[in-house]
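Examining the three-dimensional arrangement
Listed below, chain by chain, are the residues.
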Amino acid sequence: MIKVGIIGVGTVGTSVAQILKDNADVISARAGTDIVVKSGVVKNLNKDRGLDIVLTDNVDDILNDPEIDIVVELMGGVEEPFEVVKRALSSGKAVVTANKALLAYHRYELAELAKDIAFEYEASVAGGIPIINALRDGLSANHIESITGIMNGTSNYMMTKMTNDGVAYDDILKEAQDLGYAEADPTFDVGGFDAAHKLLILASIAYGIDAKPEDILIEGIDNVSQEDIQFAKEFGYAVKLLGIAKKDGNEVELRVHAALIKQEEMIAKIDGVMNAISVVGDKVGETLYYGPGAGGDATASAVVANIIDIARSGKSTPMLGFDRPMEGKALRLKPTANIESKYYLRINVSDKAGVLAKITKIFEENNISVETMLQRPATSDSANLLISTHIAVEKDIQNMIKELESLDFVNSTPVMIRIV
Ligand code: HSE
């Protein structure tokens, strides 16, 4: 029999205990042994969670319990769980976590500490979708060319509602929070940080890239307005918050931002709170993974799968899926300034003679070629210029935006969305 201790018995922790009980028949058959939750750590001992497990408010009761084989860390945060997980590993206990922020900062140290002790984290990326398993095991024969995904359900829900129902940004954020998918601090969702944590985890498995959130391009959906969405629709695009990892020679670009995607692309059709991740391997071609990226039972389904896997074998494959450099020449992170993309810009200008000519001159001076251009009246004396570009370099676009912003006939900071 395998005994589990859960640190953090909230929505996901409660579902983990419940699934282990409800599905004990298939779970014990698949694990080859019975699995029981011995105890759980909570902050508030007075709250009834409807579970028949021993609850404590002291992590030592789990970490020092020699009967507990697997510690499930569901506390949230970064440094506190890092200490807890290190203690669990140093006492030889296997660890399962759903904590993407912890891994975004400490995955390489944890891989080093874990060595042969099982450390699993399937639920940390895209909740119930077995994307870690797919990338680390199912696609392990491939060089990974790209990973492109909708990795945050809250922002996808918001984009979907803004597109389909014309709802304004502020109204829909509240609705998304009520659904229970949003992070405690929703800036993590709408600002792109949650998706970035997940992207960094996937990029480590695919490329061995050791980057922190601070090192990569992270933007959210907070500057996307109804006007942009209407433009997108008119020109056959959907707007999505994407996480992108792409190999280019010896460099890997990592970025999270709102993106215009052609409506016929599979990923453009993923609506609501669902997640989807496309992985392109050099041998397999494109594969697509779709499912619930959050929610108690969906996330717990991935946590329990890790517990079963550990119960079966007692150890995991190397935590990040490799234990020596994966490519002949180590891959490095592409500097953000060098990323190339097509861009969409919305520039609010004074509607008077000569403005368009001056704007297009600035495009030319920054090596940026216009693909489509539309002018829409905004007020009686201002207009929005809606422009899409051919492929351009990030630093040129950023310089041009700064230049445009400083002009007296440009009324506000231009809005930019990358076209993928
Ligand atoms: N806040 C996240 C989301 C939850 O909306 O996708 C899962 O990590």
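What you see is a predicted model; the values in this text were computed from it and never measured.

Things to note about the packing of helix H4 (residues 79–90) against helix H5 (residues 100–114)
Close contact between H4 and H5 brings their axes to 11 Å; oriented N to C, the two are set at 15°. Considering the angle they form, H4 stands roughly parallel to H5. The crossing of H4 and H5 is right-handed. When H4 is examined against H5, the residues Glu79, Pro81, Phe82, Val85, Lys86 and Leu89 are found in contact with a partner set consisting of Leu102, His106, Glu109, Leu110, Leu113 and Ala114.

Examining the pattern of salt bridges
According to the stated counting rule, one finds 27 salt bridges in the structure shown. For the salt bridge of Lys361 with Glu365, the shortest nitrogen-to-oxygen distance reads 3.0 Å. Linking Lys361 with Glu365, this pair stays in helix H13 (residues 355–365), spanning four residues, or about one helical turn. Classification of Lys361 by relative accessible area gives partly exposed; the value is 45%.

Concerning the sheet that holds strand S6 (residues 119–120)
Ordered by their spatial adjacency, six strands build an open sheet running S3-S2-S1-S4-S5-S6, and the pairing between neighbours is parallel. Two strands lie at the open edges of the sheet, namely strand S3 (54–56) and S6, each paired on one side alone. Bridge analysis of strand S1 (residues 2–7) against strand S2 (residues 35–41) gives six bridges, and the strand direction is parallel. Across the sheet, the residue bridging to Val4 is Val37, located in S2. Strand contacts of helix H12 (residues 296–313): S1, S2, strand S4 (70–73), strand S5 (94–97) and S6, with the helix running at about 160° to S5, the strand carrying the most contacts.

Looking at the pairing of strand S9 (residues 237–248)
Burial of S9 is extensive: nine of the 12 residues sit out of reach of the surface. Relative to S9, strand S7 (residues 144–150) is paired through four bridges, and the arrangement is antiparallel. Within S9, the position partnered with Gly149 by the bridge is Gly243. As judged from the 12 bridges shared by S9 and strand S10 (residues 251–262), these two strands associate in the antiparallel manner. If you follow Ala245 over to S10, its bridge partner there is Leu254.

A look at the packing of aromatic side chains
Following the criterion strictly, the structure yields four aromatic pairs and no others. Judged by centre distance (4.5 Å) and plane angle (25°), the ring pair of Phe231 and Phe235 falls under stacked. Seen in terms of ring centroids, Phe231 and Tyr344 are 4.5 Å apart; in terms of plane orientation they differ by 35°. Their pairing is tilted. A residue pair is termed long-range when its members are at least 10 positions apart, and Phe231 in helix H11 (residues 226–234) and Tyr344 in strand S14 (residues 340–350) qualify at 113 residues. Across the pair, Tyr344 and Phe231 agree in class, each one buried. Here the aromatic residues Phe231, Phe235 and Tyr344 are joined through ring pairs into a cluster of three or more. For the cation-ring pair, Lys262 lies above Tyr237, with the distance from its terminal atom to the ring centre recorded as 4.4 Å.

Description of the site of the ligand
The environment of the ligand is made up of Lys100, Asn152, Gly153, Thr154, Tyr181, Ala182, Glu183, Asp189, Asp194, Lys198, Gly293 and Ala294. At a separation of 2.5 Å, an oxygen atom of the ligand approaches a polar side-chain atom of Lys100. One of the side-chain N or O atoms of Thr154 is found 2.6 Å from an oxygen atom in the ligand. In the complex, 92% of the free accessible area of the ligand, which totals 260 Å², lies under the protein chains. Looking at the shell around the ligand, the elements that each hand over two or more residues are helix H7 (153–165) and helix H10 (193–207). When grouped by side-chain class, the residues that make up the shell around the ligand number three nonpolar, four polar and five charged.

Some remarks on the nonpolar core
Phe119, Ile131, Ile147 and Leu254 are the most contacted members of the largest nonpolar core, which has 84 residues in total. Looking at this core element by element, the count peaks at 10 residues for H10. Residues Ile2, Val37, Val72 and Ala118 belong to the second largest nonpolar core, which totals 30 residues.

Quick notes on unusual backbone geometry
Located in the positive-phi region is Ala126, a residue other than glycine, with phi close to 60°. Of note, Ala126 is situated in the loop between S6 and helix H6 (131–138). For Asn367, which is not glycine, the phi dihedral falls at a positive 65°. Structurally, the position occupied by Asn367 is in the loop between H13 and strand S15 (370–379). With relative accessibility at 60%, the residue Asn367 sits in the exposed group.

Structural notes on the domain arrangement of the protein chain
Often, the extent of an interface is quoted as the loss of accessible area on bringing the components together. With domains assigned, the protein chain is organised as domain 1 (2–134 + 296–327), domain 2 (142–291) and domain 3 (337–419). In this structure, domain 1 and domain 2 have C-alpha centres spaced 26 Å apart. Each side of the interface is counted separately: domain 1 has 19 residues, and domain 2 has 26 residues. Taken over both partners, the interface formed by domain 1 and domain 2 buries close to 2000 Å², and the fraction arising from carbon and sulfur atoms is 67%. Three residues stand out in domain 1 for area buried against domain 2, namely Lys100, Tyr105 and Ile129, and they jointly supply 28% of the buried area on that side. Across the domain 1-domain 2 interface, the total number found is two salt bridges. Among the salt bridges present, the one from Lys100 reaches Glu183, with a minimum N-O distance of 3.0 Å.

About the thresholds
- Residues numbered from 1 in each chain as written.
- Predicted model: local features only at pLDDT ≥ 70, side-chain atom pairs only at ≥ 80, totals over all residues.
- Heavy atoms only, no water.
- Axes fitted to C-alpha atoms, helices over the stretch in contact; angles between N-to-C directions.
- Helix = DSSP H or I, 4+ residues; strand = E, 2+ residues; numbered from the N terminus.
- Parallel < 35°, antiparallel > 145°, perpendicular 65-115°, else oblique.
- Left-handed = near helix turned anticlockwise from the far one by under 90°.
- Contact = heavy atoms within 4.5 Å.
- Salt bridge = Lys/Arg side-chain N within 4 Å of Asp/Glu carboxyl O.
- Buried < 20%, exposed > 50% of the residue type's maximum accessible area, 1.4 Å probe, protein only.
- Pairing = 2+ DSSP bridges.
- Phe/Tyr/Trp six-rings, centres within 6.5 Å; stacked < 30°, edge-to-face > 60°.
- Lys NZ or Arg CZ within 6 Å of the ring centre and 35° of its normal.
- Near = heavy atom within 4 Å.
- Polar contact = N/O pair within 3.5 Å; in protein donor to acceptor, adjacent residues only side chain to side chain.
- Areas by Shrake-Rupley, 256 points an atom, 1.4 Å probe, with all protein chains shown as cover.
- Nonpolar A, V, L, I, M, F, W, Y, C, P; charged D, E, K, R; others polar.
- Core = buried A, V, L, I, M, F, W, Y, C linked by side-chain atoms within 4.5 Å.
- Domains from an automatic or database assignment.
- Buried area = accessible area lost by both parts, 1.4 Å probe.

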